Amino acid sequence: MYKRQKYYRYNYWFGNNNWYYYQIGNNNPIHDYQQIMRKWYVDQLLPELNNASLVDGFKCYLGSHDCKNFMLFREQFPDMIGFDLYNPTKNPWVIQLDFNKVNVIKIPVSLAIPVIGSRVRTPLLQKKVYQWLDKNLLVGGIAVCSKQWKDQLTNVKTVKEIYNPFRKENFHMIVKVDG
């Protein structure tokens, strides 16, 4: 775990190595990720979610980072809340939380956009996110995830596959079908 600790530090995400390059628009993995995902959200995902019937519950964007992409969802879903380890923009709709300790929170989730962590850098964190989501996603609740994580969730079915250009694979818009 020690060698992965840097991926949980503020300076890794928002320090000179990443945040600075993000601000000036240089080729940086976080910058590239944000831009690709923004286009995908606007062109593909948000129109699909706009047509979906959502059950009553919390709408959660897990991994709000600098809130630029999170705010796209807030525009469509004004009651959406964000979660992240840090909140550098001091966004009032973001709850600062270490998802490694998320098991202390139980809330009824009607929509989840889990973009917290990294398959390569923080795989255990991602696993905890999906374990939490599996326990908190309401029947009729919707989440968007890769096949890898969809297969870890219980009692869900895919209602739409949407190609994700960042991962270069189909993502699944899933719905929980049974408690």
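All values derive from a computational prediction rather than experimental measurement.

Things to note about the confidence of the model for the chain
Part 1: Summary statistics for the chain give a mean pLDDT of 83 and a share of 81% for residues scoring 70 or more.
Part 2: In this model residues 19-24 is a low-confidence stretch, pLDDT under 50, and it forms 14 contacts with partners more than four residues away in sequence or in other chains.

Details of unusual backbone geometry
Part 1: One non-glycine residue, cysteine 67, adopts positive backbone phi at about 75°.
Part 2: Mapped onto the secondary structure, cysteine 67 falls in the loop between strand 1 (58-62) and helix 4 (68-76).
Part 3: For cysteine 67, a relative accessible area of 4% gives the class buried.
Part 4: One non-glycine residue, lysine 90, lies in positive phi territory at about 55°.

Focus: the packing of aromatic side chains
Part 1: According to the stated counting rule, one finds 9 aromatic pairs in the structure shown.
Part 2: Here the aromatic rings of tyrosine 41 and phenylalanine 73 are separated by 4.8 Å at their centres, their planes lie at 80°, and the arrangement is edge-to-face. With a gap of 32 residues between them, tyrosine 41 in helix 3 (residues 29-50) and phenylalanine 73 in helix 4 connect regions that are remote in the sequence. By the burial criterion, tyrosine 41 is buried, and phenylalanine 73 matches it.
Part 3: Taking the centre distance of 5.8 Å and the plane angle of 85° together, the rings of phenylalanine 83 and phenylalanine 99 count as edge-to-face. Linking phenylalanine 83 in strand 2 (residues 81-84) with phenylalanine 99 in the loop between strand 3 (94-96) and strand 4 (109-114), this pair joins segments that are 16 residues apart in sequence.
Part 4: With relative accessibility at 1%, the residue phenylalanine 99 sits in the buried group.

Describing the side chain of lysine 176
Part 1: With respect to the element layout, lysine 176 can be found in strand 7 (residues 169-176).
Part 2: When its relative accessible area of 6% is taken as the criterion, lysine 176 is described as buried.
Part 3: Side-chain polar atoms of lysine 176 contact the backbone oxygen of aspartate 134, separated by 2.9 Å.
Part 4: For lysine 176, the residues in contact, after removing those within four places along its chain, are Asp134, Leu137, Leu138, Val139, Gly140, Gly141, Thr154, Asn155 and Val156.

A few points about the pairing of strand 5 (residues 137-146)
Part 1: Counting buried positions along strand 5 yields 8 of 10 residues, so the element is predominantly enclosed.
Part 2: Across 3 bridges, the pairing between strand 4 and strand 5 is parallel. Across the sheet, the residue bridging to valine 109 is leucine 137, located in strand 5.
Part 3: Taken together, the 5 bridges between strand 5 and strand 7 define a ladder with antiparallel strand orientation. Bridge pairing in strand 7 places cysteine 145 opposite histidine 172.

Concerning the environment of asparagine 103
Part 1: Relative to the elements of secondary structure, asparagine 103 occurs in the loop between strand 3 and strand 4.
Part 2: In sequence terms asparagine 103 and lysine 128 are 25 residues apart; their C-alpha atoms lie 8.3 Å from each other.

A look at the sheet that holds strand 5
Part 1: The strand order 3-2-1-4-5-7-6 describes an open sheet built from 7 strands, whose pairing is mixed. Every interior strand has two partners, whereas the edge strands, strand 3 and strand 6 (156-164), have only one. When strand polarity is set aside, the average angle formed by the axes of neighbouring strands in this sheet is 20°.
Part 2: Here helix 4 sits on the sheet in contact with strand 1, strand 2, strand 3 and strand 4, set at roughly 165° to strand 1.
Part 3: This element, helix 5 (residues 123-136), spans strand 1, strand 4, strand 5 and strand 7 of the sheet and lies at about 155° to strand 5.

Cut-off values and rules
Residues numbered from 1 in each chain as written. Predicted model: local features only at pLDDT ≥ 70, side-chain atom pairs only at ≥ 80, totals over all residues. Heavy atoms only, no water. pLDDT = per-residue confidence, 0-100. Contact = heavy atoms within 4.5 Å. Helix = DSSP H or I, 4+ residues; strand = E, 2+ residues; numbered from the N terminus. Buried < 20%, exposed > 50% of the residue type's maximum accessible area, 1.4 Å probe, protein only. Phe/Tyr/Trp six-rings, centres within 6.5 Å; stacked < 30°, edge-to-face > 60°. Polar contact = N/O pair within 3.5 Å; in protein donor to acceptor, adjacent residues only side chain to side chain. Pairing = 2+ DSSP bridges. Axes fitted to C-alpha atoms, helices over the stretch in contact; angles between N-to-C directions.

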